[in-house]
Amino acid sequence: MAETMKGLVRTCRCAELTTDDIGKTVTVMGWVQKNRNKGGLCFTDLRDRSGILQIIFEEAQIGAEGFERAGKLRSEFVIAVTGEVVHRSGEVNKNLKTGEIEVIAKDLRVLSESETPPFPIEENSKTKDELRLKHRYLDLRRPDIQKNLILRSKVCMEVRNCLTEEGFLEIETPMLTKSTPEGARDYLVPSRVHPGSFYALPQSPQIFKQLLMCSGYDRYFQIARCFRDEDLRADRQPEFTQIDMELSVVDVDDVISVNEKLLKRVFAMVGVDVELPIRRITWQDAMDNYGSDKPDLRFDMKLIDVTEVVKGCGFGVFTGAIEAGGSVRGLCAKGQGAMPRKKIDKLVDFAKDFGAKGLAYLCINEDGTYKSSFAKFMTEEEIDALVKAMGGEAGDLLVFAADKNKVVWDVLGNLRLELARQMEIIDQSKFEFCWVTEFPLLEFNDELGRYQAMHHPFTMPFEEDIPLLDTDPGKVRAQAYDIVLNGTELGGGSIRIHRDDIQEKMFDALGFTKESAYEQFGFLLDAFKYGVPPHAGLAYGLDRMIMLMVGADSIRDVIAFPKVKDASCLMTEAPGPVAAAQLAELGLELVKQDE
Ligand code: ASP
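A short tour of the structure in this document, coming up. Bear in mind the structure is a predicted one, so any value in this text is a computation, not a measurement.

Looking at the overall build of the protein
Within the protein, the regular secondary structure consists of 17 helices and 22 strands. Referenced to the eigenvectors of the C-alpha coordinate spread, the extents of the protein come out at roughly 95 × 75 × 55 Å. Relative to its 595 residues, the protein shows a buried fraction of 50%. When the accessible area of the protein is evaluated, it comes to approximately 29,900 Å², of which 50% is carbon and sulfur surface. Positive and negative side-chain charges in the protein, numbering 75 and 97 respectively, have mean positions lying 4 Å apart.

Structure representation (structure tokens):
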């Protein structure tokens, strides 16, 4: 039978007690982690979010009736214990914060009993994800998840403190809104009052934060929930949290400088000293050197452009790609020359997954001879020149991709990461940040047959590139920047267009008619007519940031109630059907979907 808390006051959390508290009478409350009855003594590990504390029940202290109740405690019972803090009588437990002390119970109240949980509440759980997520309220009791969520809360506080000190105001923007153009599908909410009309949940507060700049709020931030209805890749969530900000009358350096201060403070919370200034790499250099706009700088192994070296050689795959306007680039995997054929074939398959037609390779044997998929098509001099250009030495493996630049970067960028993983050359203790700048403003979407914004349509081009919008839109550089950590994009933003003539040009390049642009963003274009300060902003993915800070394997480990890959919640079983009456009220009718 559960007892009440009447008259009881918790004096502290379990693991807040130290040897300084010895001799004190305390009242603690928590869950029974473990209870062992060792003839005349009960040892109970009591757990709350601070950690674990050992409680000792002895008959002499708690009386016969109390001792009997203590003997019946089982895992996950919620209890309150009043007792005296003493030195541990047994061996000190070095794995526990409270390993030098224990509490001798004088009073016990069972506040709530528990059935046997479907899985043990323990760190590094071996329990299948599905079962844990179905009972997420139990999973969330596990100390490793609690540690992550506690850090998350503290990071949000630090962000608030830092940005407030930097002159930012925290302002909320609507959840029920109009579609915002971040390029993904919207989640729609039907309106009851306006049958047939829908709100969209925000993909980001983008337009609202720009309007706040128009309205003179100067510096805004928000820890904002965003929604994107994308086909879920392994570690994406349909709703996620951004640290979102916008600043007036600033340039790229100003935005970067505020954010470097923020990153320094936030990462210091996990003992990482972010060296300032963070290095900056242009998009072009990132692609040329790392084959990625989010380069992992924890190791070197750069891409090497050998287009000029192999131009006119006898190998048709290379020359064909060059003639078609592409390039030939390679990677030198140090010391991997003896890689067995089977493993090399796997690399070839890996490359094909990223769009390569094949992967040319050359192993430099220890005796200086070669084993290669293409050497027979080239003269000895050509091979020597190629090996030299690649910095290849005896014992190295050289791999080459020849195709359109986009394919070559993608293939080798991913292969670089894969080889580094296999070679175990990534120092997991490193936190390597970089800013990637000067992104292309637009990218051509082959499926749509037109350009689309690489960031979003409100990104300002480089002033000197504006004329290219009419002649060669693919060449226009954007005043955009991403912050990258260990090969993961932490956040990104841009200087915004604040002139309606440039905004119209941009919409034009994106294939909007004047009418359609007005229909979607008329209020923004109107706002630009009434005096708008130049402005810029940035948003971080908070979930990802915390994940990297705590070294979690999955984004789900840093979100209290995450969804799984098909965007459902295993605990609440959302999304679910609704009553016919609810649909009727909204003026909606379901159409049977083809299976
Ligand atoms: N709204 C952008 C995003 O969600 C960030 C920004 O430009 O501030 O990626």
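Considering the pairing of strand β21 (residues 488-495)
Taken across its eight residues, β21 has seven buried, putting it largely inside the fold. As paired strands, strand β20 (residues 480-485) and β21 are joined by six bridges and run antiparallel to one another. Bridged to D482 within β21 is G492. Counted along the chain from β20 to the antiparallel partner β21, the turn is two residues long, and its residue N486 has a positive phi close to 50 degrees. Taken together, the five bridges between β21 and strand β22 (residues 535-541) define a ladder with antiparallel strand orientation.

Digging into helix α7 (residues 283-290)
Residues of α7 that are buried: W283, A286, M287 and Y290. Take α7 and look down its axis: the buried residues cluster within an arc of 105 degrees, on one side only. Looking at the buried positions of α7, the neighbouring elements they touch are β11 (280-282), α12 (405-423) and β17 (433-437). At the exit of α7 stands G291, carrying a positive phi of roughly 65 degrees.

Observations regarding the side chain of R136
Along the chain, the position of R136 falls in helix α3 (residues 136-139). With relative accessibility at 2%, the residue R136 sits in the buried group. The contacts of R136, once residues within four sequence positions are left out, are I145, R556, I559, A560, F561, P562 and M571.

What to know about the pattern of salt bridges
Counted under the stated rule, the structure contains 48 salt bridges. One salt bridge connects D345 with R341, and the closest N-O pair in it is separated by 3.2 Å. In this pair, D345 and R341 both sit in helix α10 (residues 341-353), four residues apart, roughly one turn of the helix. The exposure class of R341 is exposed, given its relative accessible area of 53%. Where D501 meets R499, a salt bridge forms, and the shortest distance between an N and an O atom there is 2.9 Å. The partly exposed category is assigned to D501, whose relative accessible area is 42%.

Describing the nonpolar core
Core analysis: the biggest nonpolar cluster contains 95 residues, and F267, L419, L490 and Y540 have the highest contact counts within it. For L419, the residues in contact, after removing those within four places along its chain, are M301, L331, A333, M339, L347 and V399. Counting residues in each nonpolar core, the second largest holds 24 residues, with V28, L46, I55 and L108 among its members.

Brief notes about the side chain of S292
Relative to the assigned elements, S292 resides in the loop between α7 and β12 (304-305). On the basis of relative accessibility, which here comes to 18%, the residue S292 falls in the buried class. Among the polar contacts made by the side chain of S292, one reaches the main-chain amide nitrogen of K294 at a distance of 2.9 Å.

Notes on the sheet that holds strand β9 (residues 219-227)
Across the sheet, eight strands lie side by side as β6-β9-β10-β22-β21-β20-β17-β11; this open sheet has mixed pairing. Edge positions in the sheet fall to β6 (169-170) and β11, since each has one partner strand and no second. Relative to β22, strand β10 (residues 239-248) runs antiparallel, the two being bridged by seven bridges. When the bridges of β22 are listed, S248 appears paired with H535. The sheet strands contacting helix α4 (residues 143-165) are β6, β9 and β10, and the helix crosses β9 at an angle near 150 degrees. Where helix α5 (residues 206-214) meets the sheet, it contacts β9, β10 and β22, and its direction lies at approximately 20 degrees from that of β10.

As for the sheet that holds strand β4 (residues 78-87)
Reading around the circumference, β1-β2-β3-β5-β4 is the order of the five strands in this closed barrel, with mixed pairing throughout. Across the sheet, the axes of successive neighbouring strands diverge by a mean angle of 55 degrees, strand direction being ignored. Pairing analysis gives seven bridges linking strand β1 (residues 25-37) to β4, with the strands arranged antiparallel. Residue V28 lies in a different strand from β4, and its bridge partner there is V81. Sheet contacts for helix α1 (residues 59-71): β1, β2 (41-48), β3 (51-58) and β5 (101-112); angle to β5, the most-contacted strand, approximately 45 degrees.

Topic: a positive patch on the surface
On the surface, a cluster of positive charge is made up of R10, R49, K97 and K154. Among the structural elements, K154 can be located in helix α4.

Side note on the layout of surface pockets
As a volume, the second largest pocket reaches approximately 930 Å³. As for the second largest pocket, its lining consists of 34 residues, of which R49, S50, G51, I52 and P143 are closest to the centre. Counting residues per element, the ones that place at least two in the lining of the second largest pocket are β1, β2, β3 and α4. Looking at the lining of the second largest pocket, the element that brings in the most residues is α4, giving ten residues. Tallied by class, residues from the lining of the second largest pocket come to ten nonpolar, nine polar and 15 charged.

Thresholds, definitions, all that
- Residues numbered from 1 in each chain as written.
- Predicted model: local features only at pLDDT ≥ 70, side-chain atom pairs only at ≥ 80, totals over all residues.
- Heavy atoms only, no water.
- Helix = DSSP H or I, 4+ residues; strand = E, 2+ residues; numbered from the N terminus.
- Buried < 20%, exposed > 50% of the residue type's maximum accessible area, 1.4 Å probe, protein only.
- Areas by Shrake-Rupley, 256 points an atom, 1.4 Å probe, with all protein chains shown as cover.
- Lys, Arg positive; Asp, Glu negative; His and termini not counted.
- Charge placed at Lys NZ, Arg CZ, Asp CG, Glu CD.
- Pairing = 2+ DSSP bridges.
- Arc of directions from axis to C-beta.
- Contact = heavy atoms within 4.5 Å.
- Salt bridge = Lys/Arg side-chain N within 4 Å of Asp/Glu carboxyl O.
- Core = buried A, V, L, I, M, F, W, Y, C linked by side-chain atoms within 4.5 Å.
- Polar contact = N/O pair within 3.5 Å; in protein donor to acceptor, adjacent residues only side chain to side chain.
- Axes fitted to C-alpha atoms, helices over the stretch in contact; angles between N-to-C directions.
- Patch = residues over 30% accessible without salt bridge, like charges linked within 9 Å, V, L, I, M, F, W, Y side chains within 5 Å.
- 1 Å grid on protein atoms, 1.4 Å probe; cavity = no way out; pocket = protein on both sides within 12 Å on 5 of 7 lines; lining within 4 Å.
- Points joined across faces, edges and corners; volume = space filled by probe spheres on them.
- Nonpolar A, V, L, I, M, F, W, Y, C, P; charged D, E, K, R; others polar.

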